[in-house]
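Chain by chain, the residues run as shown.
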Amino acid sequence: DRPKPDVGRTYRFTPTRHDDLTVKQVYALGDASSYFSSPQTISAIIQNSGFHTQTYVPVILDVFGETPFADTQYISSLAFRENARVTFSAFSPSGSGASVIKVTVGDDDNRSDNAISQQQRISDLELNYSLQEPATGAIGFLSGVQGIYYAKYPVNGSVMVTSVNAFIADHPASIGKSVFGMVLNASGTVVARSENYIIQESDLNGWHSFSFSTPPVLENTAFYAGFGMTSSLTEYAALAVQDENPIRPGTYYKSLITGSGLQPMDTLTFTNRFMIGATLVGTAPFSGPATGDTTICAFGTANIFLEEFTGFITWQTSPDGLSDWQAVENEPSSTPSSYTTPPLTASAYYRAAVFQPGSGVAFSNSGFVEVVPTTPVIEAS
């Protein structure tokens, strides 16, 4: 009674198993800043695809790269066709380069869906949810309608957003259309807008950066990186997207062309990741006074504090306070406002080097820690 499948089409029927857990989606940054994305959290959607209810389900995160990391979280109970979002412990990758993120559940009746791996690129200044994979579609507005799509990013530290970066879809109808970049602060207020840009044929299927003449300053907050499309008599879809199902909540938004009327995308019907990112730069570094212990007993430790600062701190030491400054234990991407020396047998100078990526280094005053009494030398007589 029904037509046969067209020639060359194959249908595969997969049975539902009794015990079958599925890693359905991983939520992580595709591009992470080692400074301003740290600490970052990764989460995943786990689905029970099997008939049997699963209890005390271990979900394992492994990060392979310059900064290896592992964590295991547990789902107390998961019924048939139920989803659970698992959030792993925060971690802080360092250095630069590529890491591999892998989320795994245990063996069951169907091992083909028990893990998802994806790459994350670590750099100083880039933020993006997009993966190093081709676009899977495009999105725009109807003819005569204009608006802005956004990706929301958290940042740690004091930064300026120098540009919003959008992947222009391979959609010929977009050629000649005017688009722009925009930034909203955490309250949804417009803080930066680029000039309008007319899409060229050479822009299709590639990234385009929308820079700001006055980059907005943000500190320990979140912001919305927006890609705006002006109205046209013909419908066009200029923004490329990638598959993400279900989409991560509280991440993808849209608004009117003015930036007002901000609202989240529908997490039930929208199943795409916006290919919108941002480039950051640190604000000017600032170092206040370094204070602390100035005199200690031999083999004791000294505590030093930096009272005010903007940036990322590396504590340094020097034997004379003039040259040969050497970094001590703290990583440059951390922000320890205090430092405890190891047990000392000789006096030394200490200072804080406050670094902001793209904006240089500011040094605090140097503090002298005197070790008394001096270690005696005993000679035979």
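Heads up: the structure comes first, above all this text.
Sequence order as written defines residue numbering, which begins from 1 separately in each chain. Whole-chain, interface and lining totals are the exception, using all residues; otherwise, since this is a predicted model, local features are given only for residues with pLDDT of at least 70 and side-chain atom pairs are given and counted only at 80 or more. Side-chain numbers come from the whole structure's heavy atoms, not from hydrogens or water.

## Structural notes on the overall build of the protein
1) Next: Counting its regular elements, the protein contains 0 helices and 32 strands.
2) Next: The C-alpha atoms of the protein give a radius of gyration of 27 Å, which is well past the 21 Å a tight globule of 381 residues would have.
3) Next: Partly exposed describes any residue whose relative accessible area lies between the buried limit of under 20% and the exposed limit of over 50%, with all areas from a 1.4 Å probe on protein chains only and scaled to the type maximum. Counting all 381 residues of the protein, 46% fall into the buried class.
4) Next: A total of about 18900 Å² of accessible surface is found on the protein, and carbon and sulfur atoms cover 51% of it.
5) Next: For this count, His and the chain ends are skipped, Lys and Arg are scored as positive, and Asp and Glu as negative. Where a charge sits is defined by one atom per residue type, namely NZ (Lys), CZ (Arg), CG (Asp) or CD (Glu). For the protein, the separation between the mean place of its 18 positive charges and that of its 34 negative charges on side chains is 17 Å. By the criteria applied, helices consist of DSSP H or I runs no shorter than four residues and strands consist of E runs no shorter than two, each listed in order from the N terminus. To get the radius of gyration, use the C-alpha atoms; to get the globule rule, take the number of residues to the power 0.38 and multiply by 2.2 Å. Here the open area of atoms and residues is found with the Shrake-Rupley method and a 1.4 Å probe, where only the protein chains shown may cover a residue.

## Observations regarding the packing of aromatic side chains
1) Next: Any pair of Phe, Tyr and Trp rings, taking the six-membered ring for Trp, is counted once the centres come within 6.5 Å. Such a pair is stacked with planes under 30 degrees apart, edge-to-face with planes over 60 apart, and tilted for the rest. The final tally for this structure, using the stated rule, is 22 aromatic pairs.
2) Next: Aromatic side chains Tyr149 and Phe274 sit 5.1 Å apart centroid to centroid with 50° between the ring planes, which places their arrangement in the tilted category. One end of the pair, Tyr149, is in strand β11 (residues 147-168); the other, Phe274, is in strand β20 (residues 272-274), and 125 residues separate them in sequence.
3) Next: A relative accessible area of 0% places Phe274 in the buried class.
4) Next: Judged by centre distance (6.4 Å) and plane angle (80°), the ring pair of Tyr197 and Phe210 falls under edge-to-face. Taken together, the residues span a long stretch of sequence, with Tyr197 in strand β14 (residues 197-198) and Phe210 in strand β15 (residues 206-211) at a distance of 13 residues.
5) Next: The exposure class assigned to Tyr197 is partly exposed, which follows from its relative accessible area of 25%.
6) Next: An aromatic cluster of at least three residues, connected via ring pairs, comprises Tyr129, Phe141, Tyr149, Tyr153, Phe223, Tyr252, Phe270 and Phe274.
7) Next: Sitting above the plane of the Tyr236 ring, Lys177 keeps its charged end 5.5 Å from the centroid. Whether a charge sits over a ring depends on NZ of Lys or CZ of Arg being within 6 Å of the ring centre and within 35 degrees of the ring normal.

## Here's the deal with the sheet that holds strand β3 (residues 43-48)
1) Next: A strand pair is defined by DSSP finding two or more bridges across the two strands. In space, the 3 strands of this open sheet follow the order β1-β3-β6, with antiparallel pairing throughout. Both edges of this open sheet fall to β1 (21-27) and β6 (83-87), since each of them pairs with a single strand only. Strand-to-strand twist across the sheet, computed as the mean angle between neighbouring axes with direction ignored, equals 25°.
2) Next: Here β1 runs beside β3; their pairing, made up of 6 bridges, is antiparallel. Note that in β3 the partner of Gln25 across the bridge is Ile45. Angular values range over 0 to 180 degrees, each being the angle between N-to-C directions of two axes fitted as lines to C-alpha atoms, with helices fitted over their stretch in contact.

## So, the side chain of Asp113
1) Next: Position of Asp113 relative to the elements: it lies in the loop between β7 (97-105) and β8 (115-123).
2) Next: The buried charged residue Asp113 lacks any salt bridge, with Arg17 as its nearest oppositely charged partner at 7.2 Å.
3) Next: Of the polar contacts made by the side chain of Asp113, one reaches the side chain of Thr22; its length is 2.7 Å.
4) Next: Apart from residues lying up to four places away in sequence, Asp113 is in contact with Asp20, Leu21, Thr22 and Val23. Salt bridge criterion: a side-chain nitrogen from Lys or Arg within 4 Å of a carboxyl oxygen from Asp or Glu. A 3.5 Å cut-off defines polar contacts: any pair of N or O atoms within that distance qualifies, except that in protein one atom must be a possible hydrogen donor and the other a possible acceptor, and neighbouring residues in sequence count only when both atoms are side-chain atoms. For this analysis, residues touch if any pair of their heavy atoms sits within 4.5 Å.

## Considerations on the pattern of salt bridges
1) Next: On inspection of all chains with the given rule, the structure shows 5 salt bridges.
2) Next: One salt bridge connects Arg273 with Glu244, and the closest N-O pair in it is separated by 2.8 Å. Taken together, the positions of Arg273 in strand β20 and Glu244 in the loop between β17 (236-243) and β18 (252-255) put the pair 29 residues apart, joining distant regions of the chain. Taken as a pair, Arg273 and Glu244 share a single burial class, namely buried.
3) Next: Within this structure, Glu244, Arg248 and Arg273 form a network of salt bridges that share partners.

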